[in-house]
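Spelled out, the chains give:
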Amino acid sequence: MSKGLLLGGGAVLAVAATWTAVAVLSDAGTGAAAPTASPVPATAEITRQDLVETKTVSGSLTYAGERQLTSGASGTVTWVAGQGTVVRRGRPLLKVDRRPLVLMYGKLPLYRTLQRGMSDGPDVEQLERNLKALGYGDYLTVDDHFSYATAQAVKEWQEDRGLAETGQVDAAQVVFQPAAVRVTEAKAEVGAKTAPGQQVLTVSGIRRLVHVDLDTGDQSLARKGAKVSVTLPGGEQATGTITSVGTVAETSGQDQDASTTIDVDITLTTTPKTKLDQAPVEVEMQSERHENVLAVPVEALLALREGGFGVEVVEGPATRIVAVETGAFGGGMVEIEGAGLAEGMKVGVPAS
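Residues numbered from 1 in each chain as written. Predicted model: local features only at pLDDT ≥ 70, side-chain atom pairs only at ≥ 80, totals over all residues. Heavy atoms only, no water.

1. Structural notes on the overall build of the protein
Formally: Helix and strand labels come from DSSP, where a helix needs a run of H or I of at least four residues and a strand needs a run of E of at least two; each type is numbered from the N terminus. Whether two residues touch is decided by their heavy atoms; if any such pair falls within 4.5 Å, the residues are in contact. Throughout, the Shrake-Rupley method with a 1.4 Å probe supplies accessible areas, and for residues the shown protein chains are the sole cover considered.
Counting its regular elements, the protein contains three helices and 22 strands. Put simply, 68% of the contacts in the protein that link residues at least 6 apart link residues at least 24 apart. Total accessible area computed for the protein in this model is approximately 17,900 Å², and 48% of it derives from carbon and sulfur atoms.

2. A word on the sheet that holds strand β6 (residues 92-96)
Operational definition: The rule for pairing is simple: two strands pair if DSSP sees at least two bridges between them. Axes here refer to lines fitted to C-alpha atoms; in helices the fit is confined to the stretch in contact. Angles between the N-to-C directions go from 0 to 180 degrees.
Overall, mixed pairing links the five strands, which are arranged β8-β7-β6-β4-β10 in an open sheet. Of all the strands in the sheet, the pair left with one neighbour each is β8 (174-177) and β10 (193-194). Across three bridges, the pairing between strand β4 (residues 75-80) and β6 is antiparallel. Looking at the pairing, V80 lines up with L94 of β6. Of the strands in this sheet, β7 (99-105) and β8 touch helix α2 (residues 122-133), which is tilted by about 100° from β7. On top of the sheet, helix α3 (residues 148-161) reaches β6, β7 and β8; it is set at about 130° to β7, its chief contact.

3. A few points about the nonpolar core
Quick reminder of the rule: Grouping buried Ala, Val, Leu, Ile, Met, Phe, Trp, Tyr and Cys residues that are joined through side-chain atoms within 4.5 Å yields what is termed a nonpolar core. Only protein chains enter the area calculation, which uses a 1.4 Å probe; residues under 20% of their type maximum are buried, those over 50% are exposed, and those in between are partly exposed.
Core analysis: the biggest nonpolar cluster contains 21 residues, and V210, V264, V283 and M285 have the highest contact counts within it. Looking at this core, the elements that each hand over two or more residues are β2 (47-63), β12 (208-215), β13 (227-231), β14 (237-245), β16 (259-268) and β17 (279-297). Among residues more than four places away in sequence, those in contact with V264 are V210, H211, V212, L214, A222, I242, S244 and M285. Grouped together as the second largest cluster of nonpolar side chains are 19 residues, V102, L127, V154 and W157 included.

4. Considering the sheet that holds strand β11 (residues 198-204)
What the four strands build is an open sheet, ordered β3-β11-β9-β5; its pairing is antiparallel. Only two strands of the sheet have a single neighbouring strand rather than two, namely β3 (67-71) and β5 (86-87). Inspection of the sheet shows β5 paired to strand β9 (residues 181-186) by two bridges, in the antiparallel sense. Paired with V87 across the strands is V181, a residue of β9.

5. Notes on the pairing of β2
Successive residues of a regular strand alternate their side chains across the two faces of the sheet. Pairing geometry for β2 and β17, over 13 bridges, is antiparallel. Directly across from Q49, in β17, lies its bridge partner V293. Two strands pair when backbone bridges link them, and β2 and β12 are joined in this way by four bridges, in the antiparallel orientation. Bridging from a neighbouring strand, S60 pairs with H211 of β12.

6. So, the packing of α2 against α3
Put simply, the rule is: Any angle that is under 35 degrees is reported as roughly parallel, and any over 145 degrees as roughly antiparallel; angles of 65 to 115 degrees are reported as roughly perpendicular and all others as oblique. Handedness of a helix crossing follows the sense of rotation of the near helix relative to the far helix, less than a right angle counterclockwise being left-handed and clockwise being right-handed. Polar here means any residue outside two lists: the nonpolar Ala, Val, Leu, Ile, Met, Phe, Trp, Tyr, Cys and Pro, and the charged Asp, Glu, Lys and Arg; Gly therefore counts as polar.
The interhelical angle for the contact between α2 and α3, taken along N-to-C directions, is 50°, at an axis separation of 11 Å. It follows from the interaxial angle that α2 and α3 lie oblique. Crossing handedness for the pair α2 and α3: left-handed. Contacts from L127, E128 and L131 in α2 reach T150, A153, V154 and W157 in α3. Among the residues making up the contact of α2 with α3, the classes are represented as five nonpolar, one polar and one charged.

7. Brief notes about unusual backbone geometry
Even without being a glycine, D97 presents a positive backbone phi close to 50°. Tracing the backbone shows D97 in the loop between β6 and β7. Judged by relative accessible area, which is 34%, D97 ranks as partly exposed. With a phi close to 60°, Q278 is a non-glycine residue in the positive phi region.

8. A word on the layout of surface pockets
How we decide: The way it works is a 1 Å grid over only the protein atoms, where trapped points that fit a 1.4 Å probe form a cavity and open points with protein on both sides within 12 Å along at least five of seven lines form a pocket, and then any residue with an atom within 4 Å of a point lines it. Grid points are joined across faces, edges and corners, and a volume is the space filled by probe spheres set on the points.
In this structure, the largest pocket spans a volume of roughly 260 Å³. Contributing to the lining of the largest pocket are 16 residues, with T70, P109, L110, V175 and F176 lying nearest its centre. Listing elements by their share of the lining of the largest pocket, those giving two or more residues are β3 and β8. By residue class, the composition of the lining of the largest pocket is nine nonpolar, six polar and one charged.

Structure below.
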């Protein structure tokens, strides 16, 4: 059994020191000591139960899927969506020379100009679905062919958006994203020059999630599908599920300050009240379950002068110190193992 798996020895020592002096084992090492003259402040029973190891780690409340957007337009930026703005299908992300770069939904990037005479493809169908959803092309058939009806629907859309009515669509007019996006940062400022391929916005999805840079030493805590508890800004409590665990370790810092972490993403069960991005949160994660073990409240542990920990067993008017090995910590309880300990015995704890 490991000693103090997830609760540091310093923390246990602090707990122990709050109500008793350092205990000393007998020279024989039997764990027995002479009866104490004064009773312990209070007692608790040794119980037999299942314990789940837990650890609280720091994380941040953010938004899913951050990525960079580029524009195919060339000119002067005359308007840009502000930080925190949610942009949906058909709405502009920015304007270059007063011409909008519009968001449409789709998984394929706009890798070629869409126009009559081009070869059929899924990118054509993607455009047509958006035109239909935006109310253009009453007689348009949604398929992978760019037809005369497609060109007419494009012209109608271009007229309403203040674009040249060419009947063709290129990367200066449209950006395809899987769904609505939230503007995280504007890379292009109003008045600045932009060119095709230049980054103009950092965006993310609109789904909230908690991100944790988890130390690789704690990676056993991160199991996809595992439930966690999250403390949000203002003390708001939430539950969540681990939905993504990184497979590549990342190292930051240098020498003694270096740390190696993996990315862990958590989807919350309910939408948090706070709208803050990158807000600090605390995440309580669970590791393996220890079944049918002896357990006492954490505050029952005593720091022994010889090192390690013990508990003060209460037997009528007498007490004795028994050295223990600690295992799992969870829910304010700690797993213990020591000579002669059994379920139902009384141990000393601080007065409540």
